[in-house]
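Summary of structural features
Take a look at the letters that make up each chain.
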Amino acid sequence: MTYVLNRLLSLAITLLLISVITFVVTNILPGDVAMMIMGTQSNPEALAGLRESLGLNDPLIVQYGRWIGGMLTGDWGTSLVFKEPIGPLLLQKMTASSLIVVMSMTIALTAAVPLGIWAAVHRDRWQDTASSTTALLGVSLPDFFWGIMLILLFARTLGWLPSSGFVEPSENFVLALKHAFLPSLALGLGLMAHLTRMTRATMTGILGQEFIRVARAKGLSERTVVWRYGLSNAVGPVMTVAGLQIGYLFGSIIVIESLFNYTGMGWLTYQALLNRDIPLIQSSVFVIAAVVMLANLIVDLMYVLIDPRIRLG
């Protein structure tokens, strides 16, 4: 319980620091919120009056207090570009992006764990070389390259999947999965490479330990030794790395969603930056940071439940 409380306190302090940095940086960016609302041809007196009514002439510390207070009470303001309340807008787009994140993580783990185990079991053989080369290729090439190749192959050449767009899962779940699959695969290929290398390194170390030699000496089958004893001890480190990669996914999702015109959280953040929508930028960055940190906290707590040595410590 103490561990959980300490982590929650650390999360709250970190989010507070992120909110301060985000607010300061967005206020340094070129652009005027009042001018964005009224337009560049607006009357100077009306523009000055709007700045005063919005509190833009107040000191930064006062503006920050008003903004963070609104965030805590649910009053996140209105987007200057989309003319919608920011809270419901972010919730909708975060739901869309969560589908991609979950699918890409599923794709990556499904491929990475068997590949990493295969490489570790056949260490220093051609299987290890093939697995390592595949992982190196995935790490070396950026996500947008995979996205372009997937569009050319599956959308333009074969015509199996749509190359752009978004469909609400509540409207048509199958069609929503089809639209999300290529962006998820583009993200998952890069993530798979990282997790393959981690699985291979972890399994290689575990398979060389004493308890594995004892299990083999007892006459247990190689399948039982590898999958029951080896993998059960490798799950924790691999899961931790997978949790840390959630931040990588949300960082890459801006490029991927823009490439596929998938109107999720990444696409929304890009549009906010492109149009200098300061209130939306502030809220988007804060929400993404909160989601990433919360996901990492959940992974850490799951690790504690899986590994009894941590609970005893």
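These remarks concern the structure in this document. (Residues numbered from 1 in each chain as written. Predicted model: local features only at pLDDT ≥ 70, side-chain atom pairs only at ≥ 80, totals over all residues. Heavy atoms only, no water.)

With that settled, consider helix 6 (residues 126-140). With 15 residues, helix 6 extends 21 Å between its outermost C-alpha atoms, agreeing within 8% with the 21 Å of an ideal straight helix rising 1.5 Å per residue. Listed in full, the buried residues belonging to helix 6 are Gln127, Asp128, Ser131, Ala135 and Gly138. Projected down its long axis, helix 6 carries its buried residues within an arc of 100°, all on one side. In helix 6, the exposed residues that point more than 90 degrees away from the buried face are Trp126 and Ser140. Packed against the buried residues of helix 6 are helix 5 (86-121), helix 7 (143-157) and helix 8 (173-207). (Helix = DSSP H or I, 4+ residues; strand = E, 2+ residues; numbered from the N terminus. Expected span 1.5 Å × (residues − 1). Buried < 20%, exposed > 50% of the residue type's maximum accessible area, 1.4 Å probe, protein only. Arc of directions from axis to C-beta. Contact = heavy atoms within 4.5 Å.)

Now for the side chain of Thr26. Inspection of the secondary structure puts Thr26 in helix 1 (residues 2-28). Reaching out from Thr26, the side chain makes a polar contact with the backbone oxygen of Thr22 at a distance of 2.7 Å. Residue contacts for Thr26: discarding those within four places in its chain leaves Ile278, Ile281 and Gln282. (Polar contact = N/O pair within 3.5 Å; in protein donor to acceptor, adjacent residues only side chain to side chain.)

This part is about the packing of aromatic side chains. Tallying each qualifying case throughout the model produces 9 aromatic pairs. Judged by centre distance (5.7 Å) and plane angle (85°), the ring pair of Trp118 and Trp126 falls under edge-to-face. Looking at Trp126, the relative accessible area reads 58%, which means it is exposed. Each residue in the set Phe23, Tyr64, Trp67 and Phe286 is aromatic and connected to the rest through ring pairs, giving one cluster. (Phe/Tyr/Trp six-rings, centres within 6.5 Å; stacked < 30°, edge-to-face > 60°.)

With that out of the way, let us pick up the packing of helix 7 against helix 8. Two elements in contact, helix 7 and helix 8, have axes whose closest approach is 9 Å; the angle formed by their N-to-C orientations is 135°. Comparing their axes, helix 8 and helix 7 come out oblique. The hand of the helix 7/helix 8 crossing is right-handed. Residues Asp143, Trp146, Gly147, Leu150, Phe154 and Ala155 of helix 7 pack against Leu182, Leu185, Ala186, Leu187, Leu189 and Gly190 of helix 8. For the contact of helix 7 with helix 8, the class distribution of residues is 9 nonpolar, 2 polar and 1 charged. (Axes fitted to C-alpha atoms, helices over the stretch in contact; angles between N-to-C directions. Parallel < 35°, antiparallel > 145°, perpendicular 65-115°, else oblique. Left-handed = near helix turned anticlockwise from the far one by under 90°. Nonpolar A, V, L, I, M, F, W, Y, C, P; charged D, E, K, R; others polar.)

Side chains of a nonpolar character, in soluble globular proteins, are inclined to be buried together. Counting residues in hydrophobic clusters, the biggest one holds 46 residues, and the most contacted among them are Leu90, Leu195, Phe250, Phe260, Tyr262 and Leu280. Of all elements in the fold, only helix 5, helix 7, helix 8, helix 10 (222-260), helix 11 (265-274) and helix 12 (278-306) reach the threshold of two or more residues within this core. By residue number, the principal contributor to this core is helix 5, which donates 12 residues. Other than its neighbours up to four places away in sequence, Leu280 contacts Ser79, Phe82, Ile86, Leu89, Leu90, Leu268 and Ala272. (Core = buried A, V, L, I, M, F, W, Y, C linked by side-chain atoms within 4.5 Å.)

Here Pro85 is to be found in the loop between helix 4 (60-73) and helix 5. In this structure, the C-alpha to C-alpha distance between Pro85 and Leu280, residues 195 residues apart in sequence, is 9.6 Å. When sequence neighbours within four positions are dropped, the list of residues in contact with Pro85 reads Gly77 and Thr78.

What the rule picks out here adds up to 4 salt bridges. Put simply, Asp124 and Arg123 hold a salt bridge, and the shortest N to O gap is 4.0 Å. Notably, a salt bridge pairs Arg213 with Glu210, separated by 2.8 Å at the nearest N-O pair. In this pair, Arg213 and Glu210 are both assigned in helix 9 (residues 210-217), 3 residues apart and thus about one turn of the helix distant. Among the residues examined, Arg213 registers a relative accessible area of 44% and is labelled partly exposed. (Salt bridge = Lys/Arg side-chain N within 4 Å of Asp/Glu carboxyl O.)

Another aspect to go through is unusual backbone geometry. If a residue is not glycine, its phi is most likely negative; likewise, a peptide bond is most likely trans. Here Asn261, not a glycine, exhibits a phi torsion of approximately 50°, which is positive. For Asn261, a relative accessible area of 41% translates into the label partly exposed. Its identity is not glycine, yet Arg276 carries a phi of approximately 55°, on the positive side. Note that Arg276 resides in the loop between helix 11 and helix 12.

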